[in-house]
Amino acid sequence: MSEVLREKIKQKKAKIGIIGLGYVGLPLAIEFARKGYNVHGIDIDLNKIKLIQQKKNYIKDVLNKDFLYAINNKLFTASNTYDKISNQEIIFICVPTPVTENKTPDISHIMNSAGEIFKRMKRHLLVVLKSTTFPGTTEDYIQPLFESKGWKVGKDFYLSFSPERVDPGNKMYNTGNTPIVVGGVTKKCHELSVMIMQEVSTKVHQVSSPRAAEMEKLLENIFRSVNIALVNELARLCDRMGNVNIWEVIEAASTKPFGYMPFYPGPGIGGHCIQIDPYYLDWAAKKYDFHTKFVELAAESNEEMPYYVKDMVMRELANCSVKASDANVLILGTTFKRDVDDPRNSPAIKVIESLHKEGIGNLNFHDPYMRNIRLMDKIFRVQELNEKLLKDADVTVIITDHSTYDYEWIFTYSKRIIDTRNAARKIRNNREKISLLGALNHKIS
Ligand SMILES: NC(=O)c1ccc[n+]([C@@H]2O[C@H](COP(=O)([O-])OP(=O)(O)OC[C@H]3O[C@@H](n4cnc5c(N)ncnc54)[C@H](O)[C@@H]3O)[C@@H](O)[C@H]2O)c1
């Protein structure tokens, strides 16, 4: 009965299962444990389970003290098998939702997790899907699977969607202080989901259905994708004009206190969200004979940026009469975003791979957060950043502007710099060496 689960939530006695212990699942698990719940995490990645068992925290945004508190007080356990699923009363699904090679949604991780739950679920289980996905996943895929047991949603089990908003590297907002959106399939599903989400968030915003919540998450990320594509287009235009600096323009526009928020150009977008989510909506829309042209155009435009940066490098080499086969190019920053250790879908990978295809003789890369980088299906070690590495490079390309880099020092020893992030904004010396994306040929002062 839903009243029993309601009472257990009130008393913090509901047993919580988290499937997928990555950037989303682990912080959520630790947040529930911090609030006094017993949490069991499941991940098919045995390495993650071993790290947890060795009390080693592998997500930078999770505070070590919270992680150790949860483990030492036996509030958080983890396994790579689903055996303990039948003990859980509330389960969160936090598994990846990538796209296939042809950019169609791959919800196989969600459906595999749902299948494992299905085999073991007991009556009155609440399942909350957190993975970002297209509208209809919860109700058209998970609900019929669970109901094929002969059970009824809202009566025998409860189901909802509540999108995740964790922003790795964000020092101000975390799982605990970011508002959460919830949409349940039925009234009971909804009420229970709101109750449990209120345990880990100060503000829960309720929507009328899982579909609305699924769409809301896509809107958040597509909003970013479209705006980034817009500034990337303007940056390329400024490069073509040669006498306007996009960074100066954005700074000026940002002084407007209403109706504008700044987005910045760059070498392309990566990670597990903004780069992928537009394709989920685009695919779902086609079923309704609807082409989300705007969304698709933005995604396409953003995908062009790493190749645009590659062209910048090739032009720079041509300008200084260095042949591709003799060229030495150094890439700084290989993770997808500043100050995070996540290399997923990083534009750096596309820039490096496309430079490799151009036959660049010597390609080096460095990132303070990465020891290795997977390129062309092989693992490469990142180099140590020193004066020699900088001096030897014909061009140094800043892809990810980590705040730990000493840019004065980098610019002193580099011969030429391509700056795709305006990392140079505070540097006064050696500015003549810099080619800035969005301000090419524009005299930097
Ligand atoms: N990372 C973010 O910043 C972020 C933010 C908001 C939403 N999201 C969304 O949240 C979801 C998860 O993202 P993430 O970044 O945590 O991914 P992740 O890759 O960091 O973690 C997912 C984990 O799920 C595990 N997994 C995969 N299939 C499994 C299965 N069948 N059973 C158990 N474990 C399984 C993987 O081994 C991995 O450890 C995605 O849909 C993503 O789009 C991510």
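None of the values given here were measured: they were computed from a predicted structure.

*Asks:* Looking at this model, I keep getting lost on unusual backbone geometry. Mind explaining?
*Replies:* Of note, methionine 376 is a non-glycine position whose phi angle comes to about 45°, a positive value. Mapped onto the elements, methionine 376 comes out in the loop between strand 11 (372-375) and strand 12 (378-381). One non-glycine residue, aspartate 377, adopts positive backbone phi at about 65°. Secondary-structure assignment places aspartate 377 in the loop between strand 11 and strand 12. Residue aspartate 377 is classed as exposed on the basis of its 5 C-beta neighbours within 10 Å.

*Asks:* Could you clarify how one ought to interpret the site of the ligand in this entry?
*Replies:* Not every one of the 26 residues close to the ligand is listed here, only the nearest: Gly20, Gly22, Tyr23, Val24 and Ser131. Among the elements that make up the shell around the ligand, the one with the highest residue count is helix 5 (residues 108-120) (three residues). Classifying every residue of the shell around the ligand by side-chain character gives twelve nonpolar, ten polar and four charged.

*Asks:* Help me understand the sheet that holds strand 13 (residues 395-398), please; the structure alone is not making it clear to me.
*Replies:* Sheets are built from strands paired through backbone hydrogen bonds, the pairs being either parallel or antiparallel. With parallel pairing, five strands are arranged side by side in an open sheet as 10-9-13-14-15. Edge positions in the open sheet fall to strand 10 (362-366) and strand 15 (434-436), since each of these has one partner strand only. Across this sheet, the average inter-strand angle for adjacent strands is 20°, counted without regard to direction. As paired strands, strand 14 (residues 417-419) and strand 15 are joined by three bridges and run parallel to one another. Along strand 15, the bridge assignment pairs isoleucine 417 with isoleucine 434.

*Asks:* Explain the domain arrangement of the protein to me, please; I cannot follow it from the model alone.
*Replies:* Frequently, the measure chosen for interface size is the accessible area that the parts lose on association. Assigned domains of the protein: these are domain 1 (2-208) and domain 2 (241-436). With centres defined by C-alpha atoms, the gap from domain 1 to domain 2 works out at 34 Å. Of the residues lining the interface, 15 residues belong to domain 1; the matching set on domain 2 comes to 15 residues. Of the residues contributing to the side of domain 1 that touches domain 2, the split by class is eight nonpolar, five polar and two charged.

*Asks:* Honestly, the pairing of strand 7 (residues 180-184) in this entry has me stumped. Any pointers?
*Replies:* Two faces, one strand: in a regular strand the side chains alternate between the faces of the sheet. Burial analysis of strand 7 places five of its five residues in the buried class, the great majority of the element. Both faces of strand 7 are covered, namely the face carrying Ile180, Val182 and Gly184 and the face carrying Val181 and Gly183. Judged from the two bridges that link them, strand 6 (residues 157-161) and strand 7 form a sheet pairing that is antiparallel. Looking across to strand 7, one finds that phenylalanine 161 is bridged to glycine 183. Inspection of the sheet shows strand 7 paired to strand 8 (residues 204-206) by three bridges, in the parallel sense. Following the sheet pairing, isoleucine 180 is matched in strand 8 by valine 204. Handedness of the crossover joining strand 7 and strand 8 through helix 7 (residues 187-198): right-handed.

*Asks:* Honestly, the pairing of strand 3 (residues 76-79) in this entry has me stumped. Any pointers?
*Replies:* Across the two faces of strand 3 the burial differs, with Phe76 and Ala78 buried and Thr77 and Ser79 not buried at all. With four bridges connecting them, strand 2 (residues 39-42) and strand 3 associate as parallel partners. Considered in strand 3, the bridge of isoleucine 42 is made with serine 79.

*Asks:* Quick question: what am I supposed to make of the packing of helix 11 (residues 293-319) against helix 12 (residues 347-357) here?
*Replies:* Helix packing for two helices is described by the angle between their axes and how far apart those axes are. Where helix 11 meets helix 12, the axes come as close as 9 Å, and the angle between the chain directions of the two elements is 45°. Classified by the angle their axes make, helix 11 and helix 12 are oblique. The chirality of how helix 11 crosses helix 12 is right-handed. Note on element contacts: helix 12 touches helix 11 through Pro347, Lys350, Val351, Ser354 and Leu355, opposite Met305, Pro306, Tyr307, Val309, Lys310 and Val313.

*Asks:* It is not clear to me how the environment of leucine 234 should be interpreted in this structure. Could you clarify?
*Replies:* The residue leucine 234 is located in helix 8 (residues 210-241) in this model. Along the chain, leucine 234 and methionine 312 lie 78 residues apart, while their C-alpha atoms are 16 Å from each other.

*Asks:* Please clarify how helix 11 should be interpreted in this entry.
*Replies:* Given 3.6 residues to a turn, an α-helix orients residues that are three or four positions apart in the same direction. For helix 11, with 27 residues, the first-to-last C-alpha span of 38 Å sits near the 39 Å given by 1.5 Å per residue. Within the span of helix 11, buried status applies to Val295, Ala298, Ala299, Asn302, Met305, Pro306, Val309, Lys310, Met312, Val313, Glu316 and Leu317. At the C-terminal side of helix 11, serine 321 shows a positive phi close to 55°.

What counts and how
Residues numbered from 1 in each chain as written. Predicted model: local features only at pLDDT ≥ 70, side-chain atom pairs only at ≥ 80, totals over all residues. Helix = DSSP H or I, 4+ residues; strand = E, 2+ residues; numbered from the N terminus. Buried ≥ 20, exposed ≤ 12 C-beta atoms within 10 Å, placed from the backbone. Near = placed C-beta within 6 Å. Nonpolar A, V, L, I, M, F, W, Y, C, P; charged D, E, K, R; others polar. Pairing = 2+ DSSP bridges. Axes fitted to C-alpha atoms, helices over the stretch in contact; angles between N-to-C directions. Domains from an automatic or database assignment. Contact = placed C-beta atoms within 7 Å. Right-handed = clockwise from strand over helix to strand, strands pointing away. Parallel < 35°, antiparallel > 145°, perpendicular 65-115°, else oblique. Left-handed = near helix turned anticlockwise from the far one by under 90°. Expected span 1.5 Å × (residues − 1).

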